[in-house]
Amino acid sequence: MTDITDQLDVIELIKAELGKAELDRPEWDEPVICRVEVDLPSWLTQLAGGKAWEVYSEDEEESCVSFGMREVSAKTPKLAEVTLYHNGYAVVDVDGKALFDGSLTSGTSDCAHLTYYHADTGEKITLN
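Below is a short write-up of the structure.

### Looking at the pattern of salt bridges
- Following the criterion strictly, the structure yields 1 salt bridge and no others.
- Note that Glu-54 is salt-bridged to Arg-70, the shortest N-O span being 2.8 Å. With Glu-54 in strand β2 (residues 53–60) and Arg-70 in strand β3 (residues 64–71), this pair connects stretches of sequence that are 16 residues apart.

And the structure:
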């Protein structure tokens, strides 16, 4: 019975050391900037159809950036408003109808990508 108890103590010690090693990584203490990059024309084509979309206005606020967009080659072009929040949340309205209201960071679109940068240097971080 002592062998089992000793083995359990060793396992707990190893777990504790592994956990400590994971937490003692100085590179994890560096500030990181997460940026969501979105191909707006392609994303609107996926959401609303149409052939070509263009940005005609941009309005930046403290927590978000809003883009006014219009369909280029249509007899009666659709108008869209896309609001991208700095936390990865997005809202898309086309001709006054809500088409998207959710997170871009949860893999909801192939047109959105997360990119990470070192806050101090601006150097891109590649994740394995």
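### What about the sheet that holds strand β1 (residues 32–38)?
- A sheet is described by the order of its strands in space; here 3 strands give the open sequence β1-β7-β8, paired in antiparallel fashion. The sheet terminates laterally at β1 and β8 (124–125), the two strands that pair on one side only.

### Focus on helix α2 (residues 40–48)
- Looking at α2, one finds that the buried residues are Leu-40, Trp-43, Leu-44 and Ala-48. End-on view of α2: buried residues confined to an arc of 105°, all on one side of the axis.
- Here the buried face of α2 lies against β1, β2, β3, β4 (79–85), β5 (89–94) and β6 (97–103).
- Within two residues after α2, Gly-49 carries a phi angle of roughly 80°, on the positive side.

### Thoughts on the pairing of β5
- Here 5 bridges tie β4 to β5, and the two strands are oriented antiparallel to one another. From the neighbouring strand, Glu-81 faces β5, where its bridge partner is Asp-93.
- Where β4 folds back onto β5 in an antiparallel hairpin, the turn is made up of 3 residues, including Gly-88, whose phi is positive at roughly 95°.
- Looking at chain direction, β5 and β6 are connected through 6 bridges and run antiparallel.

Cut-off values and rules
- Residues numbered from 1 in each chain as written.
- Predicted model: local features only at pLDDT ≥ 70, side-chain atom pairs only at ≥ 80, totals over all residues.
- Heavy atoms only, no water.
- Salt bridge = Lys/Arg side-chain N within 4 Å of Asp/Glu carboxyl O.
- Helix = DSSP H or I, 4+ residues; strand = E, 2+ residues; numbered from the N terminus.
- Pairing = 2+ DSSP bridges.
- Buried < 20%, exposed > 50% of the residue type's maximum accessible area, 1.4 Å probe, protein only.
- Arc of directions from axis to C-beta.
- Contact = heavy atoms within 4.5 Å.

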